[in-house]
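Working through the structure, step by step
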Amino acid sequence: MSRWEYFVKRLLLTVPVLFLVLSFLFVMLRLGPIDPVAARLGPQATGGDRQAIRERLGLDDPLWEQYVDFITSFLTFDLGQSWVVQAGRPITEIVLNAAPATLWLGFWAILLPLFIGIPLGFYAGLNPNSLGDYTASLGGILWQALPNFWLSVIALATLRQTRNGGGPFGFDWYSLGPDFLTRNLSITGTPNLTWFSTTDILFFPVPYISDWTALAIDIKLILPPALILGSASMAAELRIGRTAMLETVNANFVETARAKGLSERVIVWKHIFRNALIPLLPVITSEAFLLIGGSVIVEQIFNINGLGRIFFQSLTSGDIPMAGALLFIFTLIILFLNILQDFLYTIIDPRVGYDQ
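Before going into details, it helps to say that this report is about the structure given with it.

**Here's the deal with the packing of helix H5 (residues 91-126) against helix H8 (residues 212-229)**
The interhelical angle for the contact between H5 and H8, taken along N-to-C directions, is 60 degrees, at an axis separation of 8 Å. Crossing of H5 over H8 shows right-handed handedness. On the side of H5, the interface is formed by Trp104, Leu105, Trp108, Ala109 and Leu112, while H8 contributes Leu215, Asp218, Ile219, Ile222, Leu223, Pro225, Ala226, Leu227 and Leu229.

Laid out in structure tokens, this is it:
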């Protein structure tokens, strides 16, 4: 079986998973504890209004017909309208408006652990039982043990500005780098993302950064929540990176490379580094699943109008179509990451058989 045949096989295997998720969403909508009519009209609705909305939603149709319509609408991305959070507004439009903020947060929440956790783990693995190893390992354990909501509260308390100006510990986050005060900004809020634009080159839109100051402001605004959201990933990558490095350093092929007279730099970067990345790959992609769930809490605390915050609001207000649509989108993201993980595995480690 070739690599591409393996990829197509993995793609086809996601189809039954997707149908199971859609069936679960249908049961949740139709047989769940929340009455769709009551959630949409409220307790003051008359009998005529209730019957009209039932006919409009198709709730009097046979159940199998409702199921087919439900599956068809989701697969064609006709997600319907929000009931409560932004009542009457198309869910697709809400998602498209909120997705950039969540993507911006997720980008930094994945990037920071990659450039902090993995290098620290590899350093600790290359220098076992040293002061740096103990410091990095202990820091990773402590950092992973701290919950996101607690870290968020501590970050807001530390970075806030006091009445006399400046931070509570003499550290003024507001005046560090782009000044928030002159722009009437706070440490919480949604990034504007107005620095991104496109221009046509040979009839093709090419993205470019049109405002570097706006980019710096958005980076400063997103760094605290991104660091907190990626904290668990950072600690996990540090610990697993250290273990992978220790196992690879003592492998037979490394001893063979040393016996051949290769320099330590070549051994580390050509032989140890690539093999140590293999156990980290599924960790990195699986940690992305945690980012989806963690964004619900972090976006709510830092007042970021992203998909996570809308999902939290839809759950607490009984907006089932909105919550169901976001669950469907999160499922698609997770399925895509699973396929990407398996595909990258075959590239990094050619020993992985496509028939398995």
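Next comes the rest of the description.
**Section: the packing of aromatic side chains**
Summed over the entire model, instances satisfying the criterion amount to 10 aromatic pairs. Judged by centre distance (5.5 Å) and plane angle (80 degrees), the rings of Phe107 and Trp108 are edge-to-face. Of the residues examined, Phe107 reaches a relative accessible area of 43% and is grouped as partly exposed. Taking the relative accessible area as the measure of exposure, Trp108 reaches 15% and is therefore buried. Between the aromatic rings of Phe311 and Phe330, the centroid separation amounts to 5.7 Å while the plane-to-plane angle is 75 degrees, which identifies the pairing as edge-to-face. With Phe311 in helix H13 (residues 307-317) and Phe330 in helix H14 (residues 320-348), this pair connects stretches of sequence that are 19 residues apart.

**Observations regarding unusual backbone geometry**
A positive phi angle is found at Asn129, which is not glycine, with a value near 60 degrees. Under the relative-accessibility criterion, Asn129 is labelled exposed at 56%. With a phi close to 60 degrees, Asn303 is a non-glycine residue in the positive phi region. Inspection of the secondary structure puts Asn303 in the loop between helix H12 (280-301) and H13. Its relative accessible area of 34% is what places Asn303 among the partly exposed residues.

**Quick look at a nonpolar patch on the surface**
Together, Val8, Leu12, Val15, Phe19 and Leu75 line one region of the surface with nonpolar side chains, adding up to about 420 Å² of accessible area. If one sorts the elements of the nonpolar patch by residue count, helix H1 (residues 3-31) sits on top with 4 residues. Tracing the backbone shows Val15 in helix H1.

**Section: the pairing of strand E1 (residues 196-201)**
Successive side chains on a regular strand alternate, one facing one side of the sheet and the next facing the other. Sheet topology note: the E1/strand E2 (residues 204-209) ladder contains 6 bridges and is antiparallel. Considered in E2, the bridge of Thr198 is made with Pro207. Connecting the antiparallel pair E1 and E2 is a turn made up of 2 residues, with Leu202 showing a positive phi of about 55 degrees.

Reading the values: the criteria
- Residues numbered from 1 in each chain as written.
- Predicted model: local features only at pLDDT ≥ 70, side-chain atom pairs only at ≥ 80, totals over all residues.
- Heavy atoms only, no water.
- Axes fitted to C-alpha atoms, helices over the stretch in contact; angles between N-to-C directions.
- Helix = DSSP H or I, 4+ residues; strand = E, 2+ residues; numbered from the N terminus.
- Left-handed = near helix turned anticlockwise from the far one by under 90°.
- Contact = heavy atoms within 4.5 Å.
- Phe/Tyr/Trp six-rings, centres within 6.5 Å; stacked < 30°, edge-to-face > 60°.
- Buried < 20%, exposed > 50% of the residue type's maximum accessible area, 1.4 Å probe, protein only.
- Patch = residues over 30% accessible without salt bridge, like charges linked within 9 Å, V, L, I, M, F, W, Y side chains within 5 Å.
- Areas by Shrake-Rupley, 256 points an atom, 1.4 Å probe, with all protein chains shown as cover.
- Salt bridge = Lys/Arg side-chain N within 4 Å of Asp/Glu carboxyl O.
- Pairing = 2+ DSSP bridges.

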